[in-house]
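Chain and residue survey
As a plain string of letters, each chain reads:
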Amino acid sequence: MTTAGKPMKRVWSGSSLPDTAHFKNLLEQAGIECLIKNTALGGGLGDLPAIDCSPELWVLRGADVERAAALLREVVRPDRRAPEAPWRCACGTDVEAQFAACWNCGHARDGTAV
């Protein structure tokens, strides 16, 4: 496929338009021209095959395809870091690791007031 003489290549076919739009924004921030196809086919799901209704992200320049694919792989790969351990605030409250401040007294993990 081409757009105005430019070779295009599909680099993503997703199940949700918001995810696909997010990936488009990431690629555009990296200077990669792209577009989303099938934005309005979700209503046809059931009458049309699901694979045909999925939003697709297409890169407009063939030279950007490998870089776009690498960026998308980095974004969708699972986080392999070990989960952080809960921490104890100076007030004695145990706080789950994802929180940067104590829910009880409001102090930050490092002990400063938030």
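The structure under discussion appears in the preceding block.
Some words on a nonpolar patch on the surface
A grouping of L26, V75 and V76 is seen on the molecular surface, where their side chains present a nonpolar patch of about 210 Å² in accessible area. Residue position: L26 is located in helix α1 (residues 17-29).

Some words on the sheet that holds strand β5 (residues 56-59)
Sheet architecture is open: three strands sit in the order β3-β5-β4, paired in antiparallel fashion. Among the strands making up the open sheet, the edge pair consists of β3 (9-13) and β4 (34-37). Pairs of neighbouring strands in the sheet enclose a mean axial angle of 30°, with direction left out of account. Across four bridges, β4 lies against β5 in antiparallel orientation. The residue bridging L35 from the neighbouring strand is W58, located in β5.

Thoughts on the pattern of salt bridges
Using the criterion set out here, one finds eight salt bridges in the structure. A salt bridge links E84 to R109; the shortest N-O distance between them is 3.2 Å. Pair noted here: E84 is in the loop between α3 (65-76) and β6 (87-88) and R109 is in the segment after β7 (94-95), with a separation of 25 residues, a long-range link. By relative accessible area, which is 55% here, E84 ends up exposed.

Details of α1
Its 13 residues give α1 an end-to-end C-alpha distance of 18 Å, which sits within 8% of 18 Å, the value for a rise of 1.5 Å per residue. Among the residues making up α1, those that are buried are T20, F23, K24 and L27. Projection of α1 onto a plane perpendicular to its axis shows the buried side chains occupying an angular sector of 105°, all on one side. Opposite the buried face of α1, by more than 90 degrees, sit the exposed residues P18 and Q29. Buried-residue contacts for α1 involve β3, β4, β5 and α3.

Brief notes about the packing of aromatic side chains
Within this structure, the stated rule accounts for one aromatic pair. Between W12 and F23, the aromatic rings sit 4.7 Å apart at their centres with planes inclined by 80°, giving edge-to-face as the arrangement. Here the residue W12 occupies a position in strand β3, and F23 occupies one in helix α1, the gap between them amounting to eleven residues. Positioned above the aromatic ring of W58, the side-chain terminus of K37 is 4.4 Å from the ring centre.

Reading guide: rules and limits
Each residue is numbered by its place in its chain's sequence as written, counting from 1. Residue-level local features of this predicted model are given only where pLDDT is at least 70; pairs of side-chain atoms are given and counted only at 80 or more, and the full residue set underlies all totals for whole chains, interfaces and linings. Side-chain numbers come from the whole structure's heavy atoms, not from hydrogens or water. Here the term patch refers to residues with relative accessible area over 30% and no salt bridge, with like charges joined within 9 Å and nonpolar side chains (Val, Leu, Ile, Met, Phe, Trp, Tyr) within 5 Å. Note on areas: Shrake-Rupley with a 1.4 Å probe; residue coverage comes only from the protein chains shown. The rule for a salt bridge is simple: a side-chain nitrogen of Lys or Arg has to be within 4 Å of a carboxyl oxygen of Asp or Glu. The way it works is that DSSP assigns letters per residue, a run of H or I at least four long becomes a helix, a run of E at least two long becomes a strand, and they are numbered from the N terminus. Two strands pair under a simple rule: DSSP has to find at least two bridges between them. To get an axis, fit a line to the C-alpha atoms, keeping to the stretch in contact for a helix; angles then go from 0 to 180 degrees between the N-to-C directions. Note on classification: 1.4 Å probe, protein chains only; a residue is buried when its accessible area is under 20% of the maximum for its type, exposed when over 50%, partly exposed between these limits. To estimate how far a helix should reach, multiply one less than its number of residues by 1.5 Å. Arc definition: directions from the helix axis to the C-beta atoms. Pairs of residues are marked as contacts when any of their non-hydrogen atoms sit within 4.5 Å. Stacked, edge-to-face and tilted labels apply to pairs of Phe, Tyr and Trp rings (six-membered ring for Trp) whose centres lie within 6.5 Å, assigned for plane angles under 30 degrees, over 60, and everything in between, in that order. Geometrically, a lysine NZ or arginine CZ counts as sitting over a ring once it is within 6 Å of the ring centre and also within 35 degrees of the ring normal.

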